[in-house]
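What the coordinates show
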Amino acid sequence: MSDANSELTPLWEVFIRPRTGLAHSHVGSVHAADEVMALQAARDVYTRRGEGVSIWVVPSASITASDPAQRDENFEPAASKIYRHPSFYDIPDDVGHM
Amino acid sequence: MVSADNIAGIGMSAPDHAAQPQDPAPRQVPGDLPGRAQQDDLLALLMRLGDDHLILGHRLSEWCGHAPMLEEDLALPNMALDLLGTARMCYGYAAEIEGSGKTEDDYAFLRDGTAFRHILMVEQPNGDFAYTILRQFFFAAFMHPFWQEMTGLADPRLAAHAQKAVKELAYHIRHSGEWVIRLGDGTPESARRIGDALDALSPYVGELFETDSISIALTTAGVLPDMEVVQRQFDATVAQTFRAATLPDYAPEFAHSGGRRGRHTEYLGHLLAELQFMQRAYPGQSW
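Here's a quick rundown of the structure.

**Concerning the overall build of chain A**
Per the secondary structure count, chain A includes three helices and three strands. For chain A, the N- to C-terminal ordering of α and β elements is α-β-β-α-β-α. Over its C-alpha trace chain A gives a radius of gyration of 19 Å, far above what one expects of a compact globule, namely 13 Å for 98 residues. Referenced to the eigenvectors of the C-alpha coordinate spread, the extents of chain A come out at roughly 55 × 35 × 20 Å. The buried share of chain A, taken over its 98 residues, is 17%. Contacts in chain A between residues at least 24 apart in sequence constitute 47% of all its contacts with a sequence separation of at least 6.

**Some thoughts on the packing of helix H7 (residues 156–184) of chain B against helix H8 (residues 188–205) of chain B**
Residues and elements named next belong to chain B. Where H7 contacts H8, the two axes come as close as 7 Å, and the packing angle between them is 120°. In terms of axis orientation, H7 runs oblique to H8. When H7 is examined against H8, the residues Val 180, Leu 183 and Gly 184 are found in contact with a partner set consisting of Ser 190, Ala 191, Arg 193 and Ile 194. The class makeup of the residues in the contact of H7 with H8 is four nonpolar, two polar and one charged.

**So, the sheet that holds strand E1 (residues 11–17) of chain A**
Residue and element names in this part refer to chain A. Strand order in the open sheet formed by three strands is E2-E1-E3, with antiparallel pairing between adjacent strands. For this open sheet the edge positions go to strand E2 (25–31) and strand E3 (54–59), each flanked by a neighbour on one side alone. On average, each strand axis in the sheet is tilted by 30° relative to the strand beside it, whichever way the strands run. Across six bridges, E1 lies against E3 in antiparallel orientation. Note on E3: the bridge partner recorded for Arg 17 is Ser 54. Across the sheet, helix H2 (residues 35–46) lies against E1, E2 and E3, angled at about 130° from E3, the strand it touches most.

**What to know about H2(A)**
In this model H2(A) runs 16 Å from its N-terminal to its C-terminal C-alpha over 12 residues, within 8% of the 16 Å that 1.5 Å per residue would give. When H2(A) is considered as a whole, its buried residues turn out to be A:Met37, A:Ala38, A:Gln40, A:Ala41, A:Ala42, A:Arg43, A:Asp44 and A:Val45. In this structure, the buried side of H2(A) is in contact with E1, E2 and E3 of chain A together with helix H3 (70–98) and H7 of chain B.

**Some remarks on the interface of chain B and chain A**
At the junction of the two partners, chain B supplies eight residues and chain A supplies 13 residues. Broken down by secondary-structure element, the contributors of at least two residues to the side of chain B that touches chain A are H3 and H7 of chain B. Looking at the side of chain B that touches chain A, the element that brings in the most residues is H3(B), giving four residues. Of the residues contributing to the side of chain B that touches chain A, the split by class is three nonpolar, two polar and three charged.

**Considering the nonpolar core**
Most often, soluble globular proteins keep nonpolar side chains buried together rather than apart. Core analysis: the largest hydrophobic core is formed by 73 residues, its most contacted members being B:Leu134, B:Phe142 and B:Val180. It is helix H6 (residues 129–150) of chain B that contributes the most residues to this core, 14 residues altogether. Beyond its immediate sequence surroundings of up to four residues, B:Leu134 is in contact with B:Val180, B:Ile194, B:Ala197, B:Leu198 and B:Leu201. By size, the runner-up hydrophobic cluster in this structure holds 11 residues, among which are A:Ile16, A:Met37, A:Val45 and A:Val57.

Cut-offs applied
- Residues numbered from 1 in each chain as written.
- Chains lettered and ligands numbered in written order.
- Predicted model: local features only at pLDDT ≥ 70, side-chain atom pairs only at ≥ 80, totals over all residues.
- Helix = DSSP H or I, 4+ residues; strand = E, 2+ residues; numbered from the N terminus.
- Rg over C-alpha atoms; globule rule 2.2 N^0.38 Å.
- Buried ≥ 20, exposed ≤ 12 C-beta atoms within 10 Å, placed from the backbone.
- Contact = placed C-beta atoms within 7 Å.
- Axes fitted to C-alpha atoms, helices over the stretch in contact; angles between N-to-C directions.
- Parallel < 35°, antiparallel > 145°, perpendicular 65-115°, else oblique.
- Nonpolar A, V, L, I, M, F, W, Y, C, P; charged D, E, K, R; others polar.
- Pairing = 2+ DSSP bridges.
- Expected span 1.5 Å × (residues − 1).
- Core = buried A, V, L, I, M, F, W, Y, C linked by C-beta atoms within 7 Å.

Honestly, that's just the spatial picture; any functional story needs more than this.
Dropping the structure here:
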């Protein structure tokens with residue numbers, strides 16, 4: 001897509017809720033002129049096989065992302081703290097899926 | 001296979017097949033002239049509806065892989081598949097009524113151009129994106145009230161399909177209508193293109209509302225919506241969208257005709273050559 005087209009139809013991130021009670025999850029992105037067209041594009045591109053019951057679109061430019069160059073300082077420190085995972089407990093069968 | 005009762009029941013005011021003593025409509029049995037005439041009219045309607053949807057669906061599918069952006073590359077074939085679904089319903093229903101062992105494929109792939117009964121608008125080449133989108137908008141603005149009216153009419157099969165089609169067409173209007181607005185009220189180039197599309201398409205719109213002895217008989221029998229009712233809603237939809245699109249008031253002065261009688265433009269032959277090639281060259285082939 002040319003730069004001129006990208007300016008007229010900026011990028012939008014698409015989030016879809018697969019069914020009631022679940023959270024919206026990021027599924028991809030679309031190009032569209034505005035939020036109305038972005039929703040329609042998201043519907044046409046990402047819900048053709050019954051994937052969802054609700055769609056969010058967000059201008060990609062509105063998303064502040066972590067810097068990949070800071071990945072180590074951001075995420076490495078958590079790797080050695082396995083005690084933060086509550087995985088040392090036996091879960092009674094009656095509790096079911098947690 | 002449709003039962004004799006079903007055929008005789010087509011067009012009567014009650015969709016219920018059980019005879020109701022208080023029903024004022026005389027019960028017709030196959031062989032009765034009125035019953036047979038109405039069956040022929042219903043068959044004619046199914047060909048008109050089926051062909052409108054098959055041919056426009058095929059035109060839309062031609063955009064697959066060629067649309068200006070990936071999003072539309074999926075949106076246009078999505079709509080094409082909705083239209084194809086309606087065509088299949090029409091042909092399948094027609095095959096049952098005819099009872100001669102035909103399938104939907106026979107209607108789609110083994111008829112020649114003069115046997116097709118769609119309006120001329122749907123067979124026109126796609127032109128640019130503005131032309132395709134405006135044609136889709138006109139068609140959807142017609143079919144949505146058409147199916148809405150149909151949900152309350154006498155043919156149970158068509159009324160049931162209408163429930164599904166109304167939802168599909170509501171989206172087609174929204175999608176094509178939002179594009180019409182953005183093209184009309186967009187850049188100088190987009191406004192010029194949608195204006196050109198409007199000039200080119202206007203003479204083909206009137207055929208949507210054309211009536212003849214077949215359609216009038218079906219409307220009288222409560223099988224086909226009243227075209228005046230459909231047109232009022234069409235006019236309101238178009239007026240509202242055109243205002244938002246800063247397009248001029250829509251009032252065509254001329255309407256092409258002929259498609260419903262099998263008189264088509266030169267473009268249909270080329271379209272059918274591609275649509276029908278596989279079944280003509282390799283009869284009976286399937287996936």
